[in-house]
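A look at the structure
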Amino acid sequence: MSVAVPLSLSLPPSTETVAIALDERGYDILIGPGLLDAPASWQGLPKAAAALIVTNETVAPLYLDRVRAQLAAHYGRVDKVLLPDGEQHKDWNSLNAIVDRLLATASDRKTVLVALGGGVIGDMTGFAAAIYMRGVPFVQVPTTLLAQVDSSVGGKTAINHPLGKNMLGAFYQPARVIADLDTLDTLPPRELAAGLAEIIKYGPIADADFLAWIEANLDALLARDKAALAHAVKRSCEIKAWVVGQDEREQGLRAILNFGHTFGHAIETGLGYGEWLHGEAVGCGMVMASDLSVRLGLMPADFLPRMRRLIERAGLPVVGPRLGVERYLELMRVDKKSEGGEIRFVLIEGLGKAGMRGAPDALVAQVLDAHTA
Ligand SMILES: O=C(O)C(=O)C[C@@H](O)[C@H](O)[C@H](O)COP(=O)(O)O
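Residues numbered from 1 in each chain as written. Predicted model: local features only at pLDDT ≥ 70, side-chain atom pairs only at ≥ 80, totals over all residues.

The next point concerns the UniProt feature "binding site: Zn(2+)" (unreviewed entry) in the protein. In the numbering adopted here, UniProt assigns the feature "binding site: Zn(2+)" (unreviewed entry) to E198, H261 and H278. Spanning 81 residues, the annotated positions come together in the fold, the maximum distance between their C-alpha atoms being 10.2 Å. Along the chain, the position of H261 falls in helix α8 (residues 261-271). Dropping the residues within four chain positions of it, H261 is found in contact with V282 and G285. Inspection of the secondary structure puts H278 in helix α9 (residues 278-295). (UniProt positions renumbered as here; feature names shortened; annotations may be inferred. Helix = DSSP H or I, 4+ residues; strand = E, 2+ residues; numbered from the N terminus. Contact = placed C-beta atoms within 7 Å.)

Have a look at this one:
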C-alpha cells in the first residue's frame, strides 16, 4: 500500500524523515514545520478517485481547509467526516460514522482515508481503513505531540470497550505519516504534557542518553522550542521504528512500548475514558511501574524518585486515583499482555533496557498503596 517519497521532491528544508522498514508495508514519517502546506508532503500517496478526511470538531476549524486543499490536487473528490473529540468517543459509534460516510459516498476500495488529529482519530481511522472492504489505504496526519511521537507510528489501530482499552483493533500500517511540528503551537498545555509522557517512556526502555537529554531539555520542550521538539519527535520515532521493524505484531520486543500502560490503561478504564488523558495515565503508570521495578530489585532505589521528578516536572499527575487494589487488579487482568490470568508488566531492568514479567499481587498492592490517593 505504501509509496516511498521520491527524494527529488522539495520538502521544506528542515524536514526530517524516519523510515519504518517493513518491506512492502514500509513507509516514511515526515517530521518538520510547514509540512501541511508543502505540496511535496502529499505527493506520491496511493492513487484513488477519492479521499476521506476523518477529523474532529476541535481540529477541523484549525487545519481541515488546508489539508483539503492539498488533497484536492490529487483526488477528484475529498470528503470529510467530523467526529466528537475525546477518548470517550473512541468507540463503535464513531467507527460506524466513518463507515457510514464511506458507504454513503459509494467509496471504492482504493479510497484513501486521512486521519487528521490526535491519537483517538488516528486509531479509529486506521481501524476503519483496516476493515472497510477488507482494507483501504490510510495516511496519518498527527496534530498532537502524543500522536506524533507514538500513536500515528507502527500500525496499532483500535477502539475501546467499556471493559478494556484498545480491545478491538488490528495491526494496519499507514501509507505515510505527516507530522507538522507547527500544529503543536495550538496544543493545550495538558495535551502537550500528555505527549511528553510518551517521549519520556522511550528513555528508560531503550535509550539512557535520551532520558538524560529529556531531563536537560524539558524546559525547552515545555516552552515549545521548535529545535527541541524536532529532536524529541525524531528520536522517539527512530526508537519506535527500530522496535516495530523487528516486531510489528507484538510477539515479544514490541511490548516494551507498553511501559506504564498496564497501570495507565487501568486508570483510564476505571475512571471512565476521557477523564484523564491517555498520556496522563501513562505518566502516572510509569511512576508505578518504576516503583515495581525497584521493589523487584531490577533497578536501584534512586530510579523511582528520578522518574517521578521528571514526570511531575512535565506537568503530569504522579498520584493515581484510589480505585481500590482489587479493582486495579481486575482491570489489569484484562490487559492484552496478560496470559492465563497472570498480569504482566513492562519493567525496567537497567537504564535503556526493559522486559516483561509478572509480579506478586501483594507487591503490586504495595505499589498501588504508595501511589494512589
Ligand atoms: O505501539 C505500541 O506497541 C505501543 O504499545 C504504544 C503505546 O504507547 C500505545 O498507547 C498503544 O496504542 C497501546 O497499545 P495497546 O496494545 O497496549 O492497547
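Still more ground to cover, so stick around.
Right, let's get into the domain arrangement of the protein. Interfaces are often sized by the accessible area lost when the parts come together. Each assigned domain of the protein is listed here: domain 1 (16-186) and domain 2 (189-371). One C-alpha centre belongs to domain 1, the other to domain 2; they are set 25 Å apart. Every contact between the two is made by 33 residues of domain 1 and, on the other side, 31 residues of domain 2. Sorting the residues of the side of domain 1 that touches domain 2 by element identifies β1 (16-20), β2 (27-32), α4 (145-151) and β8 (164-171) as the ones contributing at least two each. Looking at the side of domain 1 that touches domain 2 element by element, the count peaks at five residues for α4. Along the lines of polarity and charge, the residues of the side of domain 1 that touches domain 2 split into 17 nonpolar, 10 polar and six charged. (Domains from an automatic or database assignment. Nonpolar A, V, L, I, M, F, W, Y, C, P; charged D, E, K, R; others polar.)

Looking now at the packing of helix α11 (residues 325-333) against helix α12 (residues 361-371). At a minimum axis separation of 10 Å, α11 and α12 run at an interaxial angle of 115°. Classified by chirality, the crossing of α12 by α11 is right-handed. Across from V325, Y328 and L329 in α11, the residues of α12 making contact are D361, V364, A365 and L368. (Axes fitted to C-alpha atoms, helices over the stretch in contact; angles between N-to-C directions. Left-handed = near helix turned anticlockwise from the far one by under 90°.)

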